[in-house]
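Chain residues, written in single-letter form:
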Amino acid sequence: MPAPLIEFPADDPARARRFWHGVLGIELLPRPAAAGQGWETDTSDLRLGLHARGAGPGDTASLPYFTVTDLPAALVRISELGGSVIHPGDRWAVCRDSEGSPFALAAAPASGE
């Protein structure tokens, strides 16, 4: 599995990109259309993403995205273990753990993607 993606919403994406470049020395590049909107860096040490803040459940704070091989099964386990699914999806889902902390899951790409 790839390293978790940490995603930040931004009121001013250009300012946020400059900030993270200055702090971590990384370049946040535009995502391919299939990966959604925003910018991302993916190195061996870090997966960090940034998108313009919207009104959705993933737009109030930073979110770690964990990749899972079977997203529907993981969403069932979250509920069984006392967590909650805030925004289900086919490729991504925003959730809360048993203590109320937000996180997200991403479906692993199918072979050949």
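Everything quoted here is computed from the prediction, not taken from an experiment. Along each chain, numbering runs from 1 in the same order as the chain's sequence is written. Reporting of local features is limited, given that this is a predicted model, to residues whose pLDDT is at least 70; pairs of side-chain atoms are given and counted only at 80 or more, and all residues count toward the totals for whole chains, interfaces and linings. Hydrogens and waters are ignored; side-chain quantities use all the structure's heavy atoms.

A. Here's a closer look at the nonpolar core. By nonpolar core is meant a set of buried Ala, Val, Leu, Ile, Met, Phe, Trp, Tyr and Cys residues that side-chain atoms within 4.5 Å join together. Under the scheme applied here, a residue whose accessible area is under 20% of the maximum for its type counts as buried, over 50% as exposed, and between as partly exposed, the area being computed with a 1.4 Å probe on protein chains only. In this structure, Val68, Leu71, Ala74, Leu75, Ile78, Ala93, Cys95, Phe103 and Leu105 together form the largest nonpolar core, which totals nine residues. Only DSSP runs of H or I covering at least 4 residues are called helices, and only runs of E covering at least 2 are called strands; the numbering of each starts at the N terminus. Sorting the residues of this core by element identifies helix H2 (71–80), strand E7 (92–96) and strand E8 (102–107) as the ones contributing at least two each. Residues are treated as being in contact if the distance between any of their heavy atoms lies within 4.5 Å. The residues contacting Phe103, other than those within four sequence positions of it, are Leu63, Pro64, Phe66, Ile78, Ala93, Val94, Cys95, Arg96 and Asp97. Within the second largest apolar cluster, seven residues are counted, among which are Ala16, Trp20, Leu48 and Leu50.

B. Up close: H2. If you check which residues of H2 are buried, you get Leu71, Ala74, Leu75 and Ile78. Each buried residue of H2 sits inside an arc of 100° when the element is viewed along its axis, so together they form one side. When the buried face of H2 is taken as reference, the exposed residues oriented beyond 90 degrees from it are Pro72 and Glu80. Close packing links the buried residues of H2 with strand E5 (63–68), strand E6 (84–87), E7 and E8. Between N or O atoms, a polar contact is any pair within 3.5 Å; within protein, one atom must be a potential hydrogen donor and the other a potential acceptor, and residues adjacent in sequence are included only when both atoms are from side chains. The opening residue of H2 is Asp70, an N-cap whose side-chain oxygen sits 3.2 Å from the backbone nitrogen of Ala73. Phi turns positive one or two residues past the end of H2, at Gly82, with a value near 95°. Think of the arc as the fan of directions from the helix axis to the C-beta atoms.

C. Structural context of helix H1 (residues 13–24). Helix span, as expected, comes to 1.5 Å for every residue beyond the first. With 12 residues, H1 ought to run about 16 Å at 1.5 Å a step, and its terminal C-alpha atoms sit 16 Å apart, in line with that. Residues of H1 that are buried: Pro13, Ala16 and Trp20. One face of H1 carries all of its buried residues, which in axial projection span an arc of 60°. Seen from the buried face of H1, the exposed residues on the opposite side, beyond 90 degrees, are Arg18 and Gly22. Considering only its buried residues, H1 is in contact with strand E1 (5–10), strand E3 (39–42) and strand E4 (47–52).

D. Quick peek at the packing of aromatic side chains. Put simply, two rings from Phe, Tyr or Trp (the six-membered ring, in Trp's case) pair if the centres are within 6.5 Å, and we call them stacked under 30 degrees between planes, edge-to-face over 60, tilted for the rest. Applying the stated rule across the entire model yields three aromatic pairs. Both rings, one in Phe8 and one in Trp20, keep their centres 4.9 Å apart while their planes meet at 35°; by these two values the pair is tilted. Taken together, the residues span a long stretch of sequence, with Phe8 in strand E1 and Trp20 in helix H1 at a distance of 12 residues. The class of Trp20 is buried, set by a relative accessible area of 18%. Here the aromatic rings of Phe19 and Trp20 are separated by 5.0 Å at their centres, their planes lie at 85°, and the arrangement is edge-to-face.

E. Structural view of the pairing of E3. Inspection of the sheet shows strand E2 (residues 29–30) paired to E3 by two bridges, in the antiparallel sense. From the neighbouring strand, Pro30 faces E3, where its bridge partner is Trp39. In the sheet, E3 pairs with E4 via four bridges, with the strands oriented antiparallel. Bridge pairing in E4 links Asp42 to Arg47. When DSSP locates at least two bridges between a pair of strands, those strands are taken to pair. Adjacent in sequence and paired antiparallel, E3 and E4 are bridged by four residues.

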